[in-house]
Structure formats: C-alpha cells, structure tokens
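Chain by chain, the residues run as shown.
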Amino acid sequence: MSTKHTPARFCLEVSPAPCVLVLFGGTGDLARRKLLPSLFQLHARDLLHATSRIVGCGRSEHDDASYRDLVAHALPKAAHTQIDSFLARVTYVRTDETDPSTFIHLATQLDALDRLETPAPFNRLYYLAIPPSSYQPITARLAGAGLLTETENSSAWRHLLLEK
C-alpha cells in the first residue's frame, strides 16, 4: 500500500516579529540572484510577518515601480501566483554613501513605514550586500542619521548584517 506524502507548508519555528529589511546593494547581482528570490520563498511559505517590509537601497535611480520591476525579473518564473503580494512589500530609496542627506531621506521613509501598520517602530535589519570597502561609510551614515539607535522606551532592535 502506498501513501502519498504532501510536503508541509509551515515551519515549526516561531514566526518572526514585524521587521523592515533594508537591503543595501538592493540592485546588485547578489540581491537579484540570491537575496530577493530567497526572501520571496520566505514570503511564499508565510515565514515573513504579514507587515514586514523590504526596502532596497542603492545608488541607481529608481522609483518604487521600476525597482519592483527589477525585483519581479529576479524571481523564479513559476512564482507568478504570489508575486504581486510580495512586490507590495517592496520599496526603494536611493542612497549614496557620500551624501548624508540621502540617509536623512531614508530615515524619513523608514519612519513612515513604521506608522503604516502600528504606532510602534518595527525592528530593522540593515543588510549590507555591498563591497567591504563600503561597510564603514554606510555604517557611519546610518549612525549619523540616527538609524542605528535603539531607544530605551522601545523594544524594537536595530541590527547590521555584513555580507561576505
């Protein structure tokens, strides 16, 4: 007697809290080939919190629509059923490590995302998928714009993830 085995569509791990993933190098090769498809797979399996967001950052001139188009082209072709709901999570903010004002603009955008779903700030993960020579300038700009500060009256965390 043979039984058909259906793979589970859930994970026994605890569902993560709402988070904004800020992806520096969001238009780069690593993001397109590995990171964005992996994030899509987490979304497709309901392993991202429903209110979590992805903010691509880079020097390229994009608006949200053109960045979402870039992201859509990076996703597996068979993924068409959930692409729209994934892309709804995605925005883009142009940043330049030599221009502090772009990080002030990023801070404004992230604060606006915090207010979309809840009055409490989201956790933030700054993922640096960039060359190691850019780690220090980007980190300094994030700190200078107050984006790495964890306030005492909030449980929201700020983490940096360095790719390499």
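Residues numbered from 1 in each chain as written. Predicted model: local features only at pLDDT ≥ 70, side-chain atom pairs only at ≥ 80, totals over all residues. Heavy atoms only, no water.

Some points on the layout of surface pockets
For the second largest pocket, the calculated volume is near 300 Å³. Looking at the second largest pocket, it is lined by 17 residues, and the ones nearest its centre are Gly25, Gly58, Arg59, Ile130 and Pro131. Of the residues belonging to the lining of the second largest pocket, the class tally is 6 nonpolar, 8 polar and 3 charged. (1 Å grid on protein atoms, 1.4 Å probe; cavity = no way out; pocket = protein on both sides within 12 Å on 5 of 7 lines; lining within 4 Å. Points joined across faces, edges and corners; volume = space filled by probe spheres on them. Nonpolar A, V, L, I, M, F, W, Y, C, P; charged D, E, K, R; others polar.)

A few points about the pairing of strand S1 (residues 19–24)
Most of S1 is tucked away: 6 of the 6 residues are buried. Residues Cys19, Leu21 and Leu23 line one face of S1 and the alternating positions Val20, Val22 and Phe24 line the opposite face, and both faces are buried. When S1 meets strand S4 (residues 123–128), the two strands line up parallel, connected through 6 bridges. By the bridge assignment for S4, Val22 is matched with Tyr126. In the sheet, S1 pairs with strand S2 (residues 53–58) via 5 bridges, with the strands oriented parallel. Paired with Leu21 across the strands is Ile54, a residue of S2. (Buried < 20%, exposed > 50% of the residue type's maximum accessible area, 1.4 Å probe, protein only. Helix = DSSP H or I, 4+ residues; strand = E, 2+ residues; numbered from the N terminus. Pairing = 2+ DSSP bridges.)

Some thoughts on unusual backbone geometry
One non-glycine residue, Asp46, lies in the positive phi region at around 60°. Mapping Asp46 onto the fold places it in the loop between helix H1 (29–44) and S2. On the accessibility criterion, Asp46 (60% relative accessible area) is exposed.

Let's talk about helix H5 (residues 135–144)
Looking at H5, one finds that the buried residues are Tyr135, Ile138 and Leu142. The buried residues of H5 occupy an angular sector of 75° when the element is viewed end-on, so they sit on one face. Among the exposed residues of H5, those oriented more than 90 degrees off its buried face are Gln136 and Gly144. Remark: Gly146 follows H5 within two positions and exhibits a positive phi of approximately 75°. (Arc of directions from axis to C-beta.)

Some details on the sheet that holds S2
Pairing within the open sheet is parallel, and its 5 strands lie in the order S3-S2-S1-S4-S5. Across the chains shown, the open sheet's two edge strands, defined by having one partner strand only, are strand S3 (90–94) and strand S5 (158–162). Averaged over all pairs of adjacent strands, the angle between their axes in this sheet comes to 20°, without regard to strand direction. As defined by bridge partners, S4 adjoins S5 across 5 bridges and the pair is classed as parallel. By the bridge assignment, Leu125 is partnered in S5 with His159. Sitting on the sheet, H1 is in contact with S1, S2 and S4, with an inclination near 175° to S1. Helix-sheet contacts for H5 involve S1, S4 and S5, and the interaxial angle to S4 is about 155°. (Axes fitted to C-alpha atoms, helices over the stretch in contact; angles between N-to-C directions. Contact = heavy atoms within 4.5 Å.)

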